[in-house]
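Coordinate inspection notes
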Amino acid sequence: MGIVETQEVQKPARWLGTRHVVIFLLFLSTVVSYATRVSMSIAILAMTKPNQHGHQVFDWSQSIRDTVLSSFFWGYILLQIPAGMMAGRFGGKMLMFVSMILTGIVNLLVPLAASLGDWKAVVACRILMGLFQGLLYPCLHGLIGQWAPAMERSRMGTFVYSGSQLGTVIEMMLAGVLAESAWGWPAIYYVAGATCLSWAALWLVFGASSPGTSRWITKEERKYIEYSTGSMDITESKRIPTPWKAILTSVPFWAIILAHSGQSLGFWTLLTEMPSYMDKVLKVDVKSSGLLSALPYVAMYILSFVFSWTADFLINRNIFALSTTRKIFNTIAFWGPAAALLGLTYIPAGHLPLAVSILTLTVGLNGAHYAGFLISHIDLSPNFASTLMGITNGCGNIFSIMAPLSVTLVVADENSAEEWRKVFFISIGFYFLSNLYFILFMSGQVQDWNEPKPTSSSIENGEQGESEKSKNLEKKDSVSDQKL
């Protein structure tokens, strides 16, 4: 279903619908999940420094700390593709629930694992946390495809994924405060775990895999969403085979894979290593590091909405084509930070305000990627968006693993700004080349393989399926011409 077809549908009269509740819960899931990811980058500094409250201190080298930080991604990449396939076929509700409740439990166990005195126990917890959170993003993409009407998709998608920045900001500020408090660094993990469990309870009550499976939605809103999304119902998608050959040989899809990989390396280099950089090079304590490190993500959070609304304006007013708009904002998200990072590499160690300003610009401009490659999976194939996200997120997070490990391999003197410069050059190169490929080969058109032929096992249901399609088309033709 194309954009033109979905511009004229009857919008429900209610200003707050079930789709808004579901999208808000998905937004909270990214807030909470990213807070749990980022917590270690702040907590590990507190865990390795003497404190005034008698909490255990660990003598971990930079190499061990980078291994702990990167271990999250070892588990994270394993379930990306299976999660995408399962979410596409069976819906994302229970997978999301399992992901968050198990993530919460593991967070609660991290202080106990650390108290054993072996850093490998903490690594094991991080691997498990990554494994469980590996279910999350493929489910998110599939759920956005099911719940976000086409003309609201960019805004809703940005709102959901911008939660990662808000979670990062909250955790960087809160974790530093908790680490300095009487409760100490263990409180960071207890708060994160309790928050995950609370979200899981809310999602179990109010969440749903699709409008058709929600017990809260009205008939009017369900009809509006189902006519607008351009994706199959969950029950129908079970009968449709995944067109693996067409997907893996799709040039536009490879543009998304490379863009996701470049984004992951650049973003996670900054996210996981910024606190250490500020501590070792700029000599900022844990609490101040958390507050100052949060500023770039505040900028990214705010600018992401500016970029997404601007993108929708350009598309809906026919100023630019969908593919052109995606390329423009992906360029802002990639080449903008690349240029800012280049400037950052030549700032002397003592210039804290200038360094924070450029870091804020670097990360803030990256907020445009929500209107760039990140929503493009749904543009190419609404029906297989969760599977596509599983593939690209899995590939991208191989590069996320490289982010902290690159510091171990490249930085010989962790107090040297010149050594850190080498790490930034790697990110600059990936930002530039991955976006260049995206500009050259990305498409905004729904691909032919979005609606593959059903397998022989589904032929017996074909007559019934065609009948349902005919009914749906008849219903669609009778929909009002009221514009969104």
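Remember, predicted model here, so these are calculated numbers, not experimental data. (Residues numbered from 1 in each chain as written. Predicted model: local features only at pLDDT ≥ 70, side-chain atom pairs only at ≥ 80, totals over all residues. Heavy atoms only, no water.)

Let us look at the overall build of the protein chain. Summing up its helical and strand segments, the protein chain has 19 helices and zero strands in all. In the protein chain, which comprises 484 residues, the proportion classed as buried is 58%. Partitioning the intrachain contacts of the protein chain with sequence separation of at least 6 by distance along the chain shows that 85% fall at a separation of at least 24. Taken as a whole, the protein chain presents about 19300 Å² of accessible surface, with 64% of it coming from carbon and sulfur. (Helix = DSSP H or I, 4+ residues; strand = E, 2+ residues; numbered from the N terminus. Buried < 20%, exposed > 50% of the residue type's maximum accessible area, 1.4 Å probe, protein only. Contact = heavy atoms within 4.5 Å. Areas by Shrake-Rupley, 256 points an atom, 1.4 Å probe, with all protein chains shown as cover.)

Moving on, we come to the environment of Arg222. When you line up the elements, Arg222 lands in helix H9 (residues 219–229). By relative accessible area, Arg222 is classed as partly exposed at 34%. The spacing of Arg222 and Thr18 is 204 residues in sequence and 9.0 Å in space, taken between C-alpha atoms. Look past the residues within four positions of Arg222 in its chain and what remains in contact with it is Pro211, Gly212 and Ile217. Of note is the side chain of Arg222, whose polar atom sits 2.9 Å from the side chain of Glu226. (Polar contact = N/O pair within 3.5 Å; in protein donor to acceptor, adjacent residues only side chain to side chain.)

A separate point is the pattern of salt bridges. One pass over the full model with this rule turns up five salt bridges. A salt bridge links Glu221 to Arg19; the shortest N-O distance between them is 3.0 Å. Here Glu221, found in helix H9, pairs with Arg19, found in helix H1 (residues 18–47); they are 202 residues apart in sequence, far enough to count as distant. Taking the relative accessible area as the measure of exposure, Arg19 reaches 2% and is therefore buried. One salt bridge connects Arg222 with Glu226, and the closest N-O pair in it is separated by 2.9 Å. Of the two residues, Arg222 and Glu226 both sit in helix H9, four residues apart, roughly one turn of that helix. (Salt bridge = Lys/Arg side-chain N within 4 Å of Asp/Glu carboxyl O.)

This part takes up the nonpolar core. Residues Leu26, Met96 and Trp203 are the most contacted members of the largest nonpolar core, which totals 123 residues. With 14 residues, H1 is the largest single contributor of residues to this core. Excluding anything up to four places from it in sequence, Leu26 contacts Met96, Leu140, Leu143, Ile144, Val160 and Trp203. (Core = buried A, V, L, I, M, F, W, Y, C linked by side-chain atoms within 4.5 Å.)

Residues other than glycine seldom take positive phi values, yet Asn318 does so here, at roughly 60°. Of note, Asn318 is situated in the loop between helix H13 (286–316) and helix H14 (322–344). Given a relative accessible area of 64%, Asn318 falls into the exposed group.

Before going further, it helps to spend a moment on the environment of Asp118. Inspection of the secondary structure assignment puts Asp118 in the loop between helix H4 (93–115) and helix H5 (119–133). What makes Asp118 partly exposed here is its relative accessible area of 38%. It is 9.3 Å that separates the C-alpha atoms of Asp118 and Phe58, two residues lying 60 residues apart in sequence.

What follows deals with the confidence of the model for the protein chain. Predicted confidence across the protein chain gives a mean pLDDT of 81, with 84% of residues reaching 70 or more. Element-level pLDDT for the protein chain is lowest in helix H19 (residues 462–477), with a mean of 42, against a maximum mean of 94 in helix H8 (residues 186–206). Throughout residues 1–7 the model reports pLDDT below 50, and contacts reaching past four residues in sequence, or to other chains, amount to 17 contacts. Every residue in residues 457–484 scores below 50 in pLDDT, and together they form 29 contacts with partners more than four places removed in sequence or on other chains. (pLDDT = per-residue confidence, 0-100.)

Counting across every chain of the model gives seven cavities of 30 Å³ or more. There is about 200 Å³ of room inside the largest cavity. Forming the walls of the largest cavity are 20 residues, and the residues nearest its centre are Tyr34, Tyr137, His260, Gln263 and His369. Elements that contribute at least two residues to the lining of the largest cavity include exactly H1, helix H7 (153–180), helix H12 (251–280) and helix H17 (385–410). Partitioning the lining of the largest cavity into residue classes produces ten nonpolar, nine polar and one charged. (1 Å grid on protein atoms, 1.4 Å probe; cavity = no way out; pocket = protein on both sides within 12 Å on 5 of 7 lines; lining within 4 Å. Points joined across faces, edges and corners; volume = space filled by probe spheres on them. Nonpolar A, V, L, I, M, F, W, Y, C, P; charged D, E, K, R; others polar.)

The next thing to look at is a nonpolar patch on the surface. A cluster of nonpolar side chains, contributed by Leu16, Val21, Met94, Leu202, Leu204, Val205, Phe206 and Trp216, occupies part of the molecular surface with about 650 Å² of accessible area. Looking at the nonpolar patch element by element, the count peaks at four residues for H8. Its place among the elements puts Leu202 in helix H8. (Patch = residues over 30% accessible without salt bridge, like charges linked within 9 Å, V, L, I, M, F, W, Y side chains within 5 Å.)

Its location among the elements puts Asp379 in helix H16 (residues 376–380). Residue Asp379 is classed as buried on the basis of its relative accessible area of 7%. Looking at Asp379, its side chain comes within polar contact range of the side chain of Arg326, at 2.6 Å.

The first and last C-alpha atoms of helix H6 (residues 136–147) sit 16 Å apart over twelve residues, in line with the 16 Å expected at 1.5 Å per residue. Counting buried residues in H6 gives twelve out of twelve residues, a clear majority hidden from the surface. Within H6 the residues assigned to the buried category are Leu136, Tyr137, Pro138, Cys139, Leu140, His141, Gly142, Leu143, Ile144, Gly145, Gln146 and Trp147. (Expected span 1.5 Å × (residues − 1).)

A word on the packing of aromatic side chains. In this description, an aromatic ring pair is defined by two values, namely the gap between the centres and the angle between the planes. Counted by the stated rule, this structure contains 19 aromatic pairs. Where Tyr301 meets Phe305, the ring centres are 5.2 Å apart and the plane angle is 85°; that geometry is what we call edge-to-face. Residue Tyr301 and its partner Phe305 are both found in helix H13; the two are separated by four residues, about one turn of the helix. Measuring from centroid to centroid gives 6.1 Å for Phe307 and Phe329, while their planes differ by 65°, and the two rings are edge-to-face. With Phe307 in helix H13 and Phe329 in helix H14, the pair connects residues that are 22 residues apart, well separated along the chain. With respect to class, Phe307 is no different from Phe329; both count as buried. Linked through ring pairs, Phe24, Phe27, Phe159, Tyr301 and Phe305 together constitute an aromatic cluster. Between the NZ or CZ atom of Arg155 and the centre of the ring of Trp309, over which it lies, the distance is 4.9 Å. (Phe/Tyr/Trp six-rings, centres within 6.5 Å; stacked < 30°, edge-to-face > 60°. Lys NZ or Arg CZ within 6 Å of the ring centre and 35° of its normal.)

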